[in-house]
Amino acid sequence: MNDDDIQQIFFVECEESLEAAEAGLDACKAGTHDDETINAIFRAVHSIKGGAGAFGHEKLQAYTHCFENLLGEIREGKIELKPHLVDLLLLALDCLRDHVEAARGHADAPDDSDLIARLEAAQTGGDEAGPPANEASQDEATEGGQSDDFADLDALLDELTGDTGPSSAASSDTPPSDDWLVHIRAHAGAMGNGGEPLLWLRELAAMGGTCEVCHTGDIPLLHDLNVNDGYLAWTFRMPGTVSRDDVAEIFDFVGDDVALAYGADADIPPAQLSHKEVVAPPPTEPVPSETSKAKPSPSPEAPSAPAEKGPERTVPAQQGSQSVRIDLAKLDALIDGVGELVIAQAMLTQRLANEDFAHIEELALLDGLVRDVQEHAMAFRAQPISSVFGRVPRLLRELAGNTGKHVKLEVLGETTELDKTVIERLSEPMTHLIRNAVDHGIEPVEERRAAGKDPEGTLTLSAEQKAGRIVINIGDDGRGLDRDKLHAKAVSNGLVADDAQLSDEEIYQLVFAPGLSTAKQVSNISGRGVGMDVVKQNVKDLGGRITIASAPGKGTTFTLALPLTLAISDGMIVQVGDQSLVIPLTHVIESLRPQEGELKGLGTARQMLNVRGQFVPVISLGEMTGALDYETDPCAGVLVMVDSEGFGSAALLVDAITDQRQFVIKSLDAHYRSVDSVAGATILGTGQVALIVDVDYLVQSSASPAPLTEAA
């Protein structure tokens, strides 16, 4: 693995850290945070800083250092986390995202000077206007890219050893009997990955620790000094109320660049701890209660036989990794291979069926194994939709600054999983829908108050799985779509005839027509009539469908129905005249042969089927697809009951059902062009290419007049 590969892993970890930090800050915003939330935010930013230093991203490192300093003060309780400070941290996190993108090479480095000044002012308890004139900035980098904290070291050591500060009041000439010692030795490279010894010492002091000795014997002459190397070692006396696990946790992210040892006396010079020989702490001892203090018990200070010879040097047990990073190209190759395996298995089954070997036991076993391999391969690509939903809070903050509208976000079903490819291509259409919801849908504060609404708008995102599809709802509690204005605009643009009779759903679908916008003025957010048509096309390219529900004064909800995966699915193979077609099994309810009395005419060219008291339209697949010599009599053919997303149920008339099996989805756009009624193509076991029916489009088209299709 070369440096570029390692750096790509760093950027992946940056995304994970940014998501963790944003989740923590959102909890702070909602007031549901605790101490561990602040610790998680600090660790996320610190991890990014460490990697930035290792790969030489100096601007990213300098910015995260300033960000980390403020978080450290908050974590130690020196600064109260007030609402205005949470807002500042959210802005700082947005800027950190921009820095990461710049380091990745996808954008220019942001201008962070004003934000750094505000972070430093907040750290000193100021008014966020900038750092005091008499205080040196902690972001002035040294030659090696690390911050110059040596000026603060003497003052800190004075404080830790009892010369000044609150720790001196807690110390005494005779330490309590339950105190214990920890020895810290910083090896060469302790600061090379973004480590900050000053923060370690502050955390130990915050726990009540007192520095007994600072070992300076390894500091070289000035011309030999390297700011990236560690030369100091410390012995701290810790109170008995602090466990060794608490101390060890401070150094979790340091690794082998710092050695720790525990003992009763200061006769174990930390400088003697060799590199990568970290002494594992003994089992955690409980904090003594008032009752337990009265009973004789071994003290942490009590020396044992091994302790007289120095601490036993053991290497802590390494837990096995629970995950492994796989290059996406390799994963795609695996999915393609599984797809070809499915096709080969279908061909083998077809050939054996022609030779009367279709029911042999090994064939059924092979079918089950291929399905298991396919399901496991698909699971590798499955990711929670939270990776898309997690970007929305930042978008809402940007929109709040541009529109003055503050919107509360409600999220449901963020753990719902779907294919990584679908997630990647879902981000753009969702961004368009959310921007339009805030700009057009949610009213200004004065208008909402006049309507008796909460001045703060609400945006709701939800996701759930339904029969092999994922359904995503994006709803707002705004003014809703203006049906009359939308219809008038479509007529004036020549999209529909003036006398066309359209349903509410058909009129709402007109928002996706190119160039149609009802905005009173064009802004940098929306209003040019571009974007919504792109949304529909993107969703269609994913094999999905988008519907709209709106109520005046109550809001609008966009519903996206998407396939869980773009690779392999289950389908019913049907014969229609001279064509073999595939109906996705996720849409199929049942199949039946109707009786004469169950069919009723509607007009001159339409039939309805009575299914247990409910009438559904009969759609001839042969007529819709232009097949030759197809069956026209429903009683002689087979009716396949299907369910669509937003357009109800229908009965598809086919000649016969020939098979039901897995099929590999091939994009028609890549090999031919987009066809409205076709969701893709596949290769059957006979080697024949079969088209995959777009059920939603067929059901919608059978119930909608032609102008809707042309407008959309």
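Residues numbered from 1 in each chain as written. Predicted model: local features only at pLDDT ≥ 70, side-chain atom pairs only at ≥ 80, totals over all residues. Heavy atoms only, no water.

1. What about the overall build of the protein chain?
Then step 1. Within the protein chain, the regular secondary structure consists of 24 helices and 22 strands.
Then step 2. For the protein chain, buried positions account for 44% of its 712 residues.
Then step 3. Put simply, the protein chain shows about 35900 Å² of open surface, and 50% of that area lies on carbon and sulfur atoms. (Helix = DSSP H or I, 4+ residues; strand = E, 2+ residues; numbered from the N terminus. Buried < 20%, exposed > 50% of the residue type's maximum accessible area, 1.4 Å probe, protein only. Areas by Shrake-Rupley, 256 points an atom, 1.4 Å probe, with all protein chains shown as cover.)

2. Observations concerning helix H12 (residues 328-354)
Then step 1. Helix length check: H12, at 27 residues, gives a terminal C-alpha distance of 39 Å against a target of 39 Å (1.5 Å per residue), a fit within 8%.
Then step 2. When we look at burial in H12, the residues that qualify are Leu 331, Ile 335, Val 338, Gly 339, Val 342, Ile 343, Gln 345, Ala 346, Thr 349 and Leu 352.
Then step 3. Those residues of H12 hidden inside the fold are in contact with helix H13 (361-381), strand S12 (568-576), strand S20 (656-664) and strand S21 (678-683).
Then step 4. Asp 356 sits one or two positions beyond H12 and adopts a positive phi of about 65°. (Expected span 1.5 Å × (residues − 1). Contact = heavy atoms within 4.5 Å.)

3. So, the nonpolar core
Then step 1. Grouped together as the largest cluster of nonpolar side chains are 43 residues, with contacts concentrated most on Ile 385, Ile 434, Ile 472, Ile 474 and Leu 560.
Then step 2. The element best represented in this core is helix H16 (residues 420-441), accounting for eight residues.
Then step 3. Once residues lying within four places of it in the same chain are set aside, the contact partners of Ile 434 are Val 392, Leu 395, Leu 396, Leu 399, Leu 459, Leu 461 and Ile 474.
Then step 4. Within the second largest apolar cluster, 38 residues are counted, among which are Ala 52, Leu 81, Leu 85 and Leu 119. (Core = buried A, V, L, I, M, F, W, Y, C linked by side-chain atoms within 4.5 Å.)

4. Points about helix H18 (residues 483-492)
Then step 1. Along H18, the positions that sit buried rather than exposed are Leu 486, His 487 and Ala 490. Buried residues of H18 fall within an arc of 95° about the axis and therefore sit on the same side. For H18, the exposed residues lying more than 90 degrees away from the buried face are Asp 484 and Ser 492.
Then step 2. In this structure Asp 482 caps H18, since a side-chain oxygen of it lies 3.3 Å from the backbone nitrogen of Asp 484.
Then step 3. Residue Gly 494 follows H18 closely and has a positive phi angle near 75°. (Arc of directions from axis to C-beta. Polar contact = N/O pair within 3.5 Å; in protein donor to acceptor, adjacent residues only side chain to side chain.)

5. What to know about the packing of helix H3 (residues 58-75) against helix H5 (residues 113-123)
Then step 1. Interaxial distance between H3 and H5 falls to 9 Å at its minimum, and their mutual angle equals 25°. Relative to H5, H3 is oriented roughly parallel. Helix-helix and strand crossings are classified by hand; for H3 and H5 the assignment is left-handed. Within the contact between the two elements, H3 uses Tyr 63, Cys 66, Phe 67, Asn 69, Leu 70 and Glu 73 and H5 uses Leu 115, Ile 116, Leu 119, Glu 120, Ala 122 and Gln 123. (Axes fitted to C-alpha atoms, helices over the stretch in contact; angles between N-to-C directions. Parallel < 35°, antiparallel > 145°, perpendicular 65-115°, else oblique. Left-handed = near helix turned anticlockwise from the far one by under 90°.)

6. Quick look at the sheet that holds S20
Then step 1. Spatial ordering of the open sheet is given by S20-S12-S13-S22-S21, a layout of five strands whose pairing is mixed. Strands at the two margins of the open sheet, each flanked by one partner only, are S20 and S21. On average, adjacent strands in this sheet sit at an angle of 35° to one another, irrespective of strand direction.
Then step 2. Across two bridges, strand S13 (residues 579-584) lies against strand S22 (residues 689-693) in parallel orientation. The partner of Val 582 across the bridge, within S22, is Ile 692.
Then step 3. H13 rests against S12 and S20 of the sheet, and its axis sits at about 45° to S20. (Pairing = 2+ DSSP bridges.)

7. Topic: the pairing of strand S17 (residues 614-620)
Then step 1. In terms of residue burial, S17 counts as a mostly covered element, since five of its seven residues are buried.
Then step 2. Connecting strand S16 (residues 607-611) to the next strand, S17, in antiparallel fashion are two residues, including Arg 612 with a positive phi near 50°.
Then step 3. In this structure, S17 lies alongside strand S19 (residues 649-654), joined through three bridges in parallel fashion. Bridge pairing in S19 places Ile 619 opposite Leu 652.

8. Regarding a nonpolar patch on the surface
Then step 1. Residues Ile 219, Leu 222 and Leu 225 make up a contiguous nonpolar surface patch of roughly 300 Å² in combined accessible area.
Then step 2. As for its position among the elements, Leu 225 is in the loop between strand S2 (210-215) and strand S3 (233-238).
Then step 3. For Leu 225, a relative accessible area of 32% translates into the label partly exposed. (Patch = residues over 30% accessible without salt bridge, like charges linked within 9 Å, V, L, I, M, F, W, Y side chains within 5 Å. Salt bridge = Lys/Arg side-chain N within 4 Å of Asp/Glu carboxyl O.)

9. Regarding the pattern of salt bridges
Then step 1. Scanning the model with the defined rule gives 23 salt bridges in all.
Then step 2. Between Arg 104 and Glu 15 there is a salt bridge whose closest N-O contact spans 3.1 Å. In this pair, Arg 104 sits in helix H4 (residues 83-104) while Glu 15 sits in helix H1 (residues 3-30), placing the two residues 89 residues apart along the sequence.
Then step 3. Note on Arg 104: relative accessible area 25%, which makes it partly exposed.
Then step 4. Relative accessible area serves as the criterion here: at 26%, Glu 15 is assigned to the partly exposed category.
Then step 5. Between Lys 420 and Glu 424 there is a salt bridge whose closest N-O contact spans 3.1 Å. Separated by four residues within a single helix, Lys 420 and Glu 424 lie in helix H16, roughly one turn from each other.
Then step 6. The partly exposed category is assigned to Lys 420, whose relative accessible area is 21%.
Then step 7. Sharing partners across several salt bridges, the network here consists of Glu 22, Asp 94, Arg 97, Asp 98, Arg 394, Arg 397 and Glu 398.

10. So, the side chain of Asp 94
Then step 1. Among the structural elements, Asp 94 can be located in helix H4.
Then step 2. Residue Asp 94 is classed as buried on the basis of its relative accessible area of 9%.

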